[in-house]
Amino acid sequence: MLGFISRKITTLGIIGAGQMGTGIAIVGANTAKLNVKIFDHSKEQNSRSVSFIDTWINRKISKGELKSGDEIKAKISHLTDLESVAECDFIVEAISENPDAKFKLFRHVSPIMKQGAILASNTSSISITKLAACAEFPQNVIGMHFMNPVPVMTLVEVIRGLQTSESTLKITLELAKSMGKVCTESQDRPGFIANRILMPYINEAIQVLNEGVASKEHIDTTMKLGTNVPMGPLELADFIGLDTCLSIMQVLHREIGDSKYRPSTLLVNYVNAGWLGKKTGKGFYDYKKKI
């Protein structure tokens, strides 16, 4: 039957070799013991991904949490040819949070996937129903939103589109469990659970800074000591990436239509300046001396 999903997952495909994709690859190979194929058209990005994995392995070895990384590295391969996605049983899309780019990717990838393979998106805010509508077998599409850094954070938000089948949901939950993750399930609404709550909080902190209510240090210290969180909202925004924060706020504002989701002008200006946080060396804080 077309669209039938095999319950046996041996090969995990990941599209996008950035920090999220690489983190998913690590837990796929190390915890779930799957063969992992990472696809990225950029050879430079693939090289950075390999370096990230080596650094993670070396850190684990130095802490005595891992004897050798040979088995993990043997399970992970980096490829630039997206056609090889046909060899994968379960695929996680982890490219940038750009709706048009994701829609285009789903249209391209779904026809070349093996029959019954599941296509999950790591999107943090974009409609799974809309993504599924771009796929050849929409019942096999689901949202699988990992938290960053993936090897450390336990949570995975699982989001069903209107078309997602019960079988797809069950297999996704089983896969996440094999990766050592705890799942929460969200309806397909803008921002899902985590970012529906988190991003307005970050955006308001940026607006407090923009209005001169307090300095960035005092804003972050107040929230860290006052709510017992490890990072203040501005530090967290830098860690996530200000471009990602802006993209999510734009989705919330556009899809829900409430003015409370309008991105702060300061956030927009920082992104326009290319000050995207830790990944560029500058955001609300300066990281150039630490890189």
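Reading guide: rules and limits
Residues numbered from 1 in each chain as written. Predicted model: local features only at pLDDT ≥ 70, side-chain atom pairs only at ≥ 80, totals over all residues. Heavy atoms only, no water. Pairing = 2+ DSSP bridges. Helix = DSSP H or I, 4+ residues; strand = E, 2+ residues; numbered from the N terminus. Axes fitted to C-alpha atoms, helices over the stretch in contact; angles between N-to-C directions. Contact = heavy atoms within 4.5 Å. Core = buried A, V, L, I, M, F, W, Y, C linked by side-chain atoms within 4.5 Å. Buried < 20%, exposed > 50% of the residue type's maximum accessible area, 1.4 Å probe, protein only. UniProt positions renumbered as here; feature names shortened; annotations may be inferred. Domains from an automatic or database assignment. Buried area = accessible area lost by both parts, 1.4 Å probe. Salt bridge = Lys/Arg side-chain N within 4 Å of Asp/Glu carboxyl O. Polar contact = N/O pair within 3.5 Å; in protein donor to acceptor, adjacent residues only side chain to side chain. Expected span 1.5 Å × (residues − 1). Parallel < 35°, antiparallel > 145°, perpendicular 65-115°, else oblique. Nonpolar A, V, L, I, M, F, W, Y, C, P; charged D, E, K, R; others polar. Right-handed = clockwise from strand over helix to strand, strands pointing away.

Enquirer: Just give me the short version of the sheet that holds strand 5 (residues 118–121), but keep the residues and values in it.
Expert: The strand order across the open sheet formed by eight strands is 3-2-1-4-5-6-7-8, and the pairing between neighbours is mixed. Only two strands of the sheet have a single partner each, and these edge strands are strand 3 (76–79) and strand 8 (182–186). Within the sheet, the average angular offset between the axes of one strand and its neighbour, ignoring direction, is 25°. Strand contacts of helix 2 (residues 43–62): strand 2 (35–39) and strand 3, with the helix running at about 165° to strand 3, the strand carrying the most contacts.

Enquirer: Please provide a residue-by-residue account of the nonpolar core, values included.
Expert: Counting residues in hydrophobic clusters, the biggest one holds 35 residues, and the most contacted among them are Leu 12, Phe 90, Met 144 and Phe 146. No other element matches the six residues that helix 1 (residues 19–30) contributes to this core. The residues touching Leu 12, leaving out its near neighbours within four places in the chain, are Ile 24, Gly 28, Leu 34, Asn 35, Val 36, Lys 37, Cys 88, Phe 90, Val 92, Leu 175 and Met 179. Listed in part, the 23 residues of the second largest apolar core include Leu 242, Val 271, Leu 276 and Tyr 285.

Enquirer: Which residues make up the UniProt feature "domain: 3-hydroxyacyl-CoA dehydrogenase NAD binding" (unreviewed entry) in the protein, and what are the values?
Expert: Look at the UniProt record and you will see "domain: 3-hydroxyacyl-CoA dehydrogenase NAD binding" (unreviewed entry) annotated at residues 12–187. What you have in residues 12–187 is 39% helix and 22% strand, and the ends, taken at the C-alpha atoms, are 25 Å apart.

Enquirer: I'd like to hear about the domain arrangement of the protein, residue by residue, with values.
Expert: Entries for the protein in the domain assignment read domain 1 (11–187) and domain 2 (195–280). For domain 1 and domain 2, the distance between their C-alpha centroids amounts to 26 Å. Between domain 1 and domain 2, the contact holds eight residues from the first and seven residues from the second. In terms of surface lost to domain 2, no three residues of domain 1 exceed Glu 97, Ser 124 and Ser 125, which account for 51% of the buried area on that side. With a shortest N-O distance of 3.3 Å, Glu 255 and Lys 130 are connected by a salt bridge. For the interface between domain 1 and domain 2, the tally reads two residue pairs in polar contact (both at pLDDT 80 or more).

Enquirer: So what's going on with helix 8 (residues 216–227)? Residues and values would help.
Expert: An α-helical turn contains 3.6 residues, so any two residues separated by three or four positions project in the same direction. Given a rise of 1.5 Å per residue, 12 residues ought to cover 16 Å, and the 16 Å separating the end C-alpha atoms of helix 8 matches this to within 8%. Asn 228 sits one or two residues past helix 8 and shows a positive phi near 60°.

Enquirer: Can you explain the packing of helix 8 against helix 9 (residues 233–240)? Please cite residues and give values.
Expert: Direction vectors running N to C along helix 8 and helix 9 enclose 100°, while the axes themselves pass 7 Å from each other. Between helix 8 and helix 9, the angle falls in the class roughly perpendicular. Contacts between helix 8 and helix 9 involve Lys 216, Ile 219, Asp 220, Met 223 and Lys 224 from the first element and Pro 233, Leu 234 and Glu 235 from the second. In the contact of helix 8 with helix 9, the residues fall into four nonpolar, no polar and four charged.

Enquirer: Describe the environment of Asp 286, naming the residues involved and giving the relevant values.
Expert: With respect to the helices and strands, the residue Asp 286 is situated in the segment after helix 11 (265–273). There is a polar contact of 3.0 Å between the side chain of Asp 286 and the backbone nitrogen of Lys 288.

Enquirer: Go over the UniProt feature "domain: 3-hydroxyacyl-CoA dehydrogenase C-terminal" (unreviewed entry) in the protein, please, and point to the residues and values.
Expert: In the UniProt entry, the feature "domain: 3-hydroxyacyl-CoA dehydrogenase C-terminal" (unreviewed entry) is given for residues 191–287. Taken end to end, residues 191–287 comprises 63% helix and 0% strand; its first and last C-alpha atoms sit 28 Å apart.

Enquirer: Quick rundown of the pairing of strand 5? Include the residues and the values.
Expert: With burial as the criterion, each face of strand 5 is covered, one bearing Ile 118 and Ala 120 and the other bearing Leu 119 and Ser 121. Once the chain exits strand 4 (residues 90–93) it traverses helix 4 (residues 99–109) before rejoining the sheet at strand 5, and the crossover so formed is right-handed. Relative to strand 6 (residues 141–146), strand 5 runs parallel, the two being bridged by three bridges. Within strand 6, the position partnered with Leu 119 by the bridge is Val 141. At this point the chain moves from strand 5, through helix 5 (residues 128–133), to the parallel strand 6, and the crossover so formed is right-handed.

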